Amino acid sequence: MTTKRLLIVAHCPSPNTRTLLDAVLRGARSPEVQGVEVVAKPPLEAGPEDVLESQGVILGTTENLGYMSGALKDFFDRSYYPCLERTQGLPYALFVRAGHDGTGTCRAVASIATGLRWRPVQAPLVCRGPFRDDFAASCEELGLLMAAGLEAGIF
């Protein structure tokens with residue numbers, strides 16, 4: 001069995017957003033999934049080489065003034081052209097910690113991912129409003145879905 005790599009690039013400036021990332025990691029690293037290596041990096045440390053070595057990506061960001069975090073935008077700025085012709089069809093998922101509605105954040109990420117011709121595996125997971133414990137359960141499910149889909153060759 002060939003090991004596949006799932007890259008998680010998430011901006012986590014607070015304990016609550018770190019809780020969401022930890023939940024995504026817990027799901028992605030579930031013992032039920034074999035043959036998927038999970039690599040997690042903050043956006044300012046991740047780059048095009050990480051994307052090029054991966055068979056799937058989960059992006060995580062806060063909603064900042066109706067947009068993605070500056071750190072995630074920086075990741076895209078550095079990765080866009082090196083990945084443009086080489087990662088078409090790459091499956092990705094997005095989770096957003098939104099104090100408001102997350103619409104602008106989702107639109108901005110989708111616009112860049114569409115330009116890269118990446119393929120969303122599901123609608124963005126937007127954790128809206130005051131922090132709730134069930135956000136972590138949804139993020140864990142997202143991580144498991146992505147890893148299991150890679151393992152099964154669905155994505």
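The name given to the protein in an unreviewed UniProt entry is Flavodoxin family protein, and the organism recorded there is Azospirillum aestuarii.

(A) Quick look at the environment of Lys-73. Along the chain, the position of Lys-73 falls in helix α3 (residues 70-84). What makes Lys-73 partly exposed here is its relative accessible area of 25%. For Lys-73 and Gly-35, which are 38 residues apart along the polypeptide, the C-alpha to C-alpha distance reads 30 Å. Contact partners of Lys-73, with chain neighbours within four places excluded, come to Tyr-67, Met-68 and Ile-112. A polar atom in the side chain of Lys-73 sits 2.5 Å from the side chain of Asp-77.

(B) Expanded view of helix α1 (residues 15-28). Over its 14 residues, α1 runs 20 Å from end to end, which matches the ideal 20 Å to within 8%, given 1.5 Å per residue. Residues of α1 that are buried include every one of Thr-17, Leu-20, Leu-21, Ala-23, Val-24, Leu-25, Gly-27 and Ala-28, and no others. Tucked inside the fold, the buried residues of α1 contact β1 (4-10), β2 (36-41), β3 (56-62), β4 (91-98), β6 (125-128) and α5 (134-152).

What counts, and where the lines are drawn
Residues numbered from 1 in each chain as written. Predicted model: local features only at pLDDT ≥ 70, side-chain atom pairs only at ≥ 80, totals over all residues. Heavy atoms only, no water. Helix = DSSP H or I, 4+ residues; strand = E, 2+ residues; numbered from the N terminus. Buried < 20%, exposed > 50% of the residue type's maximum accessible area, 1.4 Å probe, protein only. Contact = heavy atoms within 4.5 Å. Polar contact = N/O pair within 3.5 Å; in protein donor to acceptor, adjacent residues only side chain to side chain. Expected span 1.5 Å × (residues − 1).

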